[in-house]
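Next come the chains, spelled out residue by residue.
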Amino acid sequence: MSEQHASSQNDDAPAEQSTDFGFRQVDRNKKASMVAGVFDSVAAKYDVMNDFMSMGIHRLWKRYTIDCSGIKTGQKVLDLAGGTGDLAARFSRLVGPTGEVVLADINHSMLSVGRDKLRDMGIVGNVDYVQANAEALPFPDNHFDLVTMAFGLRNVTDKDKALASIFRILKPGGRLLVLEFSKPTNELLSKTYDWYSFNVLPTMGQLVANDRESYQYLAESIRMHPDQDTLKSMFEQAGFEHCDYQNLTGGIVALHRGYKF
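Definitions and limits used
Residues numbered from 1 in each chain as written. Predicted model: local features only at pLDDT ≥ 70, side-chain atom pairs only at ≥ 80, totals over all residues. Heavy atoms only, no water. Helix = DSSP H or I, 4+ residues; strand = E, 2+ residues; numbered from the N terminus. Buried < 20%, exposed > 50% of the residue type's maximum accessible area, 1.4 Å probe, protein only. Lys, Arg positive; Asp, Glu negative; His and termini not counted. Salt bridge = Lys/Arg side-chain N within 4 Å of Asp/Glu carboxyl O. Contact = heavy atoms within 4.5 Å. Core = buried A, V, L, I, M, F, W, Y, C linked by side-chain atoms within 4.5 Å. UniProt positions renumbered as here; feature names shortened; annotations may be inferred. 1 Å grid on protein atoms, 1.4 Å probe; cavity = no way out; pocket = protein on both sides within 12 Å on 5 of 7 lines; lining within 4 Å. pLDDT = per-residue confidence, 0-100. Points joined across faces, edges and corners; volume = space filled by probe spheres on them. Nonpolar A, V, L, I, M, F, W, Y, C, P; charged D, E, K, R; others polar.

### With respect to the side chain of glutamate 135
- Examined against the element boundaries, glutamate 135 turns out to sit in the loop between strand 5 (127-131) and strand 6 (144-150).
- Here glutamate 135 is buried and forms no salt bridge, its nearest opposite-charge partner lysine 161 lying at an N-O distance of 4.6 Å.
- Apart from the residues within four sequence positions on either side, glutamate 135 is in contact with Val156, Thr157, Asp158, Lys161, Ala162 and Ser165.

### Thoughts on the nonpolar core
- One finds Phe39, Trp61, Phe91, Leu179, Phe181 and Val253 to be the most contacted residues of the largest nonpolar core, which totals 48 residues.
- Not counting residues within four places of it along the chain, the set of residues in contact with phenylalanine 91 comprises Ile66, Ser69, Ile71, Val77, Val101, Leu146 and Thr148.
- Residues Val147, Ala162, Leu163 and Leu231 belong to the second largest nonpolar core, which totals 27 residues.

### Quick look at the pattern of salt bridges
- Going through the model one piece at a time under the given rule, you end up with 10 salt bridges.
- The salt bridge involving glutamate 180 is made with arginine 154; its shortest N-O contact spans 2.8 Å. Pair noted here: glutamate 180 is in strand 7 (residues 170-181) and arginine 154 is in the loop between strand 6 and helix 7 (159-169), with a separation of 26 residues, a long-range link.
- Across the pair glutamate 187 and lysine 191 runs a salt bridge, and its minimum N-O distance is 3.3 Å. Here glutamate 187 pairs with lysine 191, and both are found in helix 8 (residues 187-209), just four residues apart, close to one helical turn.
- Each of Lys62, Asp86 and Lys117 takes part in one network of salt bridges that share partners.

### Observations concerning unusual backbone geometry
- With phi around 55°, asparagine 142 is a residue other than glycine that occupies positive phi space.
- Here asparagine 142 shows up in the loop between strand 5 and strand 6.
- Residue asparagine 142 is classed as partly exposed on the basis of its relative accessible area of 40%.
- If you check the backbone angles, phenylalanine 151 has positive phi at about 60° while not being a glycine.
- By the element assignment, phenylalanine 151 lies in the loop between strand 6 and helix 7.

### Overview of the UniProt feature "binding site: S-adenosyl-L-methionine" (unreviewed entry) in the chain
- Residues given the UniProt feature "binding site: S-adenosyl-L-methionine" (unreviewed entry) here are Thr84, Asp105, Asn133 and Ala134. Filtering the just-named annotated residues for those lining the largest pocket gives Thr84, Asp105, Asn133 and Ala134.
- Position of aspartate 105 relative to the elements: it lies in strand 4 (residues 100-105).
- Overall, the relative accessible area of 7% leaves aspartate 105 in the buried class.
- Ignoring sequence-local partners within four residues, the contact set of aspartate 105 consists of Ala81, Gly82, Gly83, Met110, Leu111, Val130, Gln131 and Ala132.
- Its location among the elements puts asparagine 133 in the loop between strand 5 and strand 6.

### So, the confidence of the model for the chain
- Taken residue by residue, the chain gives an average pLDDT of 89. The fraction at 70 or more is 94%.
- Of the regions scoring below 50 in pLDDT, residues 1-13 engages in 21 contacts with residues more than four places distant in sequence or in other chains.

### Details of the layout of surface pockets
- Reported here for the largest pocket is a volume of approximately 510 Å³.
- As for the largest pocket, its lining consists of 32 residues, of which Ala81, Asp105, Ile106, Gly152 and Asn155 are closest to the centre.
- If you list the elements that add at least two residues to the lining of the largest pocket, you get helix 2 (31-42), helix 3 (46-54), strand 3 (76-80), helix 5 (86-95) and strand 6.
- Tallying contributions element by element places helix 2 first for the lining of the largest pocket, with three residues.
- For the lining of the largest pocket, a count of residues per class yields 15 nonpolar, 11 polar and six charged.
- Taken as a whole, the second largest pocket spans an internal volume of roughly 440 Å³.
- Around the second largest pocket sit 24 residues that line it, and Met53, Ser54, Trp61, Phe181 and Tyr193 are the ones nearest its centre.
- For the lining of the second largest pocket, the elements supplying multiple residues, two or more each, are helix 3, helix 4 (57-67), helix 8 and helix 9 (212-224).
- Per element, the largest residue contribution to the lining of the second largest pocket is five residues, and it comes from helix 8.
- Tallied by class, the residues present in the lining of the second largest pocket amount to 17 nonpolar, five polar and two charged.

Have a look at this one:
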């Protein structure tokens, strides 16, 4: 992916046809392919970089998400934007052989890494892999008991459309859990995190993954993501009820939850 080329074509797009790609405005029809280029670039080093960037804390955030899932044996789970399969691996064990887990991601490179990782772990039989766009999910109405989305919603072009698509495929009584970077609640923490995001993360991306630009975009995408209350309102507008969120690590990350009744 050539980000400079994409920028020269799209930065002058009319406002109604544009969307954010990090801090830049680009043609909304081009964002998905530009994001795909980022994740094609980072897929092979994704797990290693997650550990470096979060100092391993991302594993605790994901564990908390699983603890809040309420998932039971025999149920159906969609791990959307599931990347390298950290959540799907655990859900596979929780739903058991009578349950179903679908690991879905719009990016083929990430999906391939996740599939290989889970198969190397011996996880087969109750996990399917689907390349899918969150805005138009290829699943039946009222199909899943749970949909999770960890660190993927901020990369979606039309988040409202994605939430509506997720709502459609959830069973009545089902829940959506979105784990995503958010807005720190403490001013000092916010300033420290900004400095870390825009100075340390791109440098780490260069040293570990030989890719500074992709991690610069990822830092920018975090800043462009809706804050906690705005995202909660978006859940409610999509039809979800009993919506709430839990700040983790001072609001660096938030877990949003909503139910379909």
